[in-house]
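# Commentary on secondary and tertiary structure
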Amino acid sequence: MTETAQIQLPEDKPLDIAGRTYQSRLLVGTGQYHDLMETGHAIETSGAEIVTVAVRRTNIGQNPDEPNLLDVVNPDTYTILPNTAGCYTAKDAVRTCKLARELLDGHDLVKLEVLGDQKTLYPNMPETLVAAEELIKDGFKVMVYCSDDPLLALRLEEMGCVAVMPLGAPIGSGLGIQNRYNIRLIVENASVPVLVDAGVGTASDAAIAMELGCDGVLMNTAIAKARDPIKMAHAMRLAIEAGREAYLAGRMPKKLYASASSPIDGTFF
Ligand SMILES: CC(=O)[C@@H](O)[C@H](O)COP(=O)(O)O
């Protein structure tokens, strides 16, 4: 055996959200697929263990006569993360979380998103703060979709949110990470997991989020609206893993000028 073959890469710690650990750092949504079969295949291929569900738009038992998403996304296999997509007020978001808790037998982990307007789907941060406070008081474990403002992210953490989820870019835009500097600052300040949520368009966007030190990425449209969603689900899985490894490896410093990669006065070994 050669010397290099014996080298073991250091083990990464698994993602820990509210005291539960996950091997995958990719979280996926369930909207916009052609059908439930495709949804199930894409999710399985992505390797995700946390699957978010828009309670107001997806049947998870509210309509017993309609196809139920939980038939293809088994809650015994996946952590179902109900989200409040479509809510524009704190009141609506809190009501939606309570409905999810009833439908899912007391499940208390939720993704809070309170939206500001239909054009940008940007988070309404004043309403988000109100809803987060109320939900935490009521015993929910709140993962929170938020703007990429480092001070607000810290405030949400201090309030007791179990994860902060700054947007990379507007939901469904596929524009990729618009403000790497802010995401980096949020990561540096945080003691809870930071997960980029929304705006990822392709695998390199996911890798960038992970290289910035994020603990994970949540995405939906980039997979569901790819020409081949199953292939893209696999690409995203690899990108998340590659981005994480690159972050742990530590990138070389950027330099303004060239330096030869085979220097003449280098040492032989
Ligand atoms: C599924 C979900 O929770 C969305 O609200 C989320 O923000 C994903 O955004 P993209 O569709 O841009 O990945």
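Residues numbered from 1 in each chain as written. Predicted model: local features only at pLDDT ≥ 70, side-chain atom pairs only at ≥ 80, totals over all residues. Heavy atoms only, no water.

A separate point is the nonpolar core. Soluble globular proteins tend to pack their nonpolar side chains together in the buried interior. By size, the foremost hydrophobic cluster in this structure holds 62 residues, and its most contacted members are Leu112, Val142, Leu156, Val164, Met219, Ile223 and Met236. Beyond its immediate stretch of four places on either side in the chain, Met236 contacts Leu26, Val200, Gly201, Thr202, Ala203, Ala206, Met219, Ala222 and Ile223. (Core = buried A, V, L, I, M, F, W, Y, C linked by side-chain atoms within 4.5 Å. Buried < 20%, exposed > 50% of the residue type's maximum accessible area, 1.4 Å probe, protein only. Contact = heavy atoms within 4.5 Å.)

Turning next to the site of the ligand. Around the ligand, a shell composed of 14 residues is seen, among which Gly172, Asp197, Gly199, Asn220 and Thr221 lie nearest. Gly199 is positioned such that a nitrogen or oxygen atom in its backbone is 2.9 Å from an oxygen atom of the ligand. Contacts to the ligand include Thr221, whose side-chain N or O atom sits 2.4 Å from an oxygen atom. If the ligand stood free it would expose 360 Å²; the protein chains cover 94% of that surface. Looking at the shell around the ligand, its residues break down into four nonpolar, seven polar and three charged. (Near = heavy atom within 4 Å. Polar contact = N/O pair within 3.5 Å; in protein donor to acceptor, adjacent residues only side chain to side chain. Areas by Shrake-Rupley, 256 points an atom, 1.4 Å probe, with all protein chains shown as cover. Nonpolar A, V, L, I, M, F, W, Y, C, P; charged D, E, K, R; others polar.)

This paragraph deals with the side chain of Thr84. Looking at where Thr84 falls in the secondary structure, it is placed in the loop between strand S5 (79–83) and helix H2 (90–103). We classify Thr84 as buried; its relative accessible area is 1%. If near-sequence neighbours (up to four positions away) are discounted, Thr84 is found in contact with Ala93, Thr96, Cys97, Lys111, Leu112, Glu113 and Val114. (Helix = DSSP H or I, 4+ residues; strand = E, 2+ residues; numbered from the N terminus.)

Now for the UniProt feature "active site" (unreviewed entry) in the chain. UniProt records the feature "active site" (unreviewed entry) for Lys111 in the present numbering. With respect to the element layout, Lys111 can be found in strand S6 (residues 109–112). For Lys111, a relative accessible area of 3% gives the class buried. Those residues in contact with Lys111, other than ones at most four positions away along the chain, are Thr52, Leu81, Pro82, Asn83, Thr84, Met143, Tyr145, Met165, Asp197 and Leu218. (UniProt positions renumbered as here; feature names shortened; annotations may be inferred.)

Under the definition given, this model contains zero disulfides. With no disulfide of its own, Cys97 has Cys87 as its nearest cysteine by sulfur position, at a separation of 7.6 Å. The class for Cys97 is buried, based on a relative accessible area of 1%. Cys146 provides the cysteine sulfur closest to Cys161, a residue in no disulfide bond, and the two sulfurs are 8.3 Å apart. (Disulfide = S-S within 2.5 Å.)

As a further point, take the pattern of salt bridges. Counted by the stated rule, this structure contains 10 salt bridges. Here Lys98 makes a salt bridge to Asp138, at a shortest N to O gap of 4.0 Å. Here Asp138 lies in the loop between helix H3 (125–137) and strand S7 (141–146) and Lys98 lies in helix H2, a separation of 40 residues in the sequence. Residue Lys98 is classed as partly exposed on the basis of its relative accessible area, which comes to 36%. When the shortest N-O distance is used, the salt bridge between Glu188 and Arg184 registers 3.6 Å. Of the two residues, Glu188 and Arg184 both sit in helix H5 (residues 180–189), four residues apart, roughly one turn of that helix. Classification of Arg184 by relative accessible area gives partly exposed; the value is 30%. Connected through shared salt-bridge partners, Asp12, Arg25 and Arg244 make up one network. (Salt bridge = Lys/Arg side-chain N within 4 Å of Asp/Glu carboxyl O.)

One non-glycine residue, Leu121, adopts positive backbone phi at about 50°. One can find Leu121 in the loop between S6 and H3. Non-glycine residue Ala198 carries a positive phi angle of around 90°. With respect to the secondary-structure elements, Ala198 resides in the loop between strand S9 (195–197) and helix H6 (203–211). You can call Ala198 buried: its relative accessible area is 8%.

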